[in-house]
Number of protein chains: 2
Amino acid sequence: MKTRGARPIGMSLWETTHVVYREFERMLAAHGLNRATWFILLALDEAVHPTQREVARAVGISDATLTHHVRNLEDAGLVHRTRDPDDRRVQCIELTDEGRAAFARIHDDAMAFDRRMRAVLGPETTAALLGALDTLTTEFARPGDSTPIPRA
Amino acid sequence: MKTRGARPIGMSLWETTHVVYREFERMLAAHGLNRATWFILLALDEAVHPTQREVARAVGISDATLTHHVRNLEDAGLVHRTRDPDDRRVQCIELTDEGRAAFARIHDDAMAFDRRMRAVLGPETTAALLGALDTLTTEFARPGDSTPIPRA
DNA sequence: TATTGTTATACTCTATAACTATA
DNA sequence: TATAGTTATAGAGTATAACAATA
């Protein structure tokens, strides 16, 4: 068949995301985290006392998968869980002091990573890229799917 | 901490790639393929009688992982392997008639998918997006990594 | 009955190491 | 010795289903 012609956008999208995220995850790994646990910490940072279910929705994974990752974070001493006294079904996840310190360190690295991307693109191309990505997300998103994080 | 400020580019990149690829893989699944096996068929289409090792390099997976996927493709009747008579260590992978037909069908769907992306973006934004992705890939690629396909 | 979260289990993709067979 | 590929095994991330505790 010898498929020739313009390279599909999806190919470039896939390759770039892969290349960029391999570097990003290398950084996370140096802090003992992976993509999922980093997204969980971000979700914790953006909500006040979220339930595990809310965090799972924000991250885009199942409750069972979240339990798995939260256990790892807890074993690492970065988060602490307590049952909500007003509704003892609910687990309240909070960063420990150590977790807050780790978050701050990783957040610094993540911001530096973002600055590197913006610097190499320049402000106009950065804006164009973000606009294009947003257009594609709107076009292909399914209602009811949250998901910033899936298996890739 | 309440991290506020501009959304990181990586977040958008990740989310868009996820949303787009979930739809793409839904299409592939309707044809009985997944991302890895589709990339393998693409690699077969672009080279003449490649060895398995060459295909693995092109796809960006290990030899052992390739064996795994090729076995699935063979079980599905889409490819056929023969030992190279000139060097019996080498497996030559070829599409079967059924494989060629499946490839053509999926390729049509993949092109339609690409047209949909280009249509919603428009020609200028498409070009800008591809340029930005290329810039990022160049910035973050590591020499010696082939990789169009990894786990994401 | 409904909801929150956990456990048990399993599946998929991936890799490394050890191996076979060929060269 | 070196190379192409396979097998055996394991690990990471994910999910579904069944469950316990609580409401």
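Along each chain, residues carry numbers from 1 onward, in the same order as the chain's sequence is written. Key to labels: chains lettered from A, ligands numbered from 1, both in the order written. Whole-chain, interface and lining totals are the exception, using all residues; otherwise, since this is a predicted model, local features are given only for residues with pLDDT of at least 70 and side-chain atom pairs are given and counted only at 80 or more. Hydrogens and waters are ignored; side-chain quantities use all the structure's heavy atoms.

(A) Broad picture of the relation of the copies chain B and chain A. Copies overlap after least-squares fitting; the atoms used are the C-alpha atoms of residues with pLDDT of at least 70 in both. With an RMSD of 0.1 Å, chain B superimposes on chain A once it is rotated by 180° and translated 0.1 Å along the axis. Both chain copies can therefore be described as sitting about a two-fold axis. By definition, residues are in contact when any of their heavy atoms lie within 4.5 Å. Of the interface residues in chain B, 100% have counterparts in chain A that sit at the interface too, so the contact is made through matching surfaces.

(B) Region of interest: the protein's contact with DNA strand D. One heavy atom within 4 Å of a molecule or strand makes the whole residue count as near it. In the vicinity of DNA strand D lie 23 residues, with His69 of chain A together with Gln52, Thr67, Arg71 and Arg81 of chain B positioned nearest. Each atom of DNA strand D within 4 Å of the protein was classed as base or backbone; sugar and phosphate made up 73%. Within the side chain of histidine 69 of chain A, one N or O atom sits 2.6 Å away from a phosphate oxygen of DNA strand D. N or O atoms closer than or at 3.5 Å make up a polar contact, with two conditions inside protein: a donor-capable atom paired with an acceptor-capable one, and, for residues adjacent in sequence, both atoms drawn from side chains. The separation between a phosphate oxygen of DNA strand D and a polar side-chain atom of glutamine 52 of chain B is 2.7 Å. When residues of the surface near DNA strand D are traced back to their parent elements, those giving at least two are α4 (63-75) of chain A together with α3 (52-59) and α4 (63-75) of chain B. Classification used: nonpolar for Ala, Val, Leu, Ile, Met, Phe, Trp, Tyr, Cys and Pro, charged for Asp, Glu, Lys and Arg, polar for all others including Gly. Classifying every residue of the surface near DNA strand D gives 6 nonpolar, 9 polar and 8 charged. Segments assigned H or I by DSSP are reported as helices when at least four residues long, segments assigned E as strands when at least two residues long, and all are numbered from the N terminus.

By themselves, these figures tell us nothing about what the structure is for.
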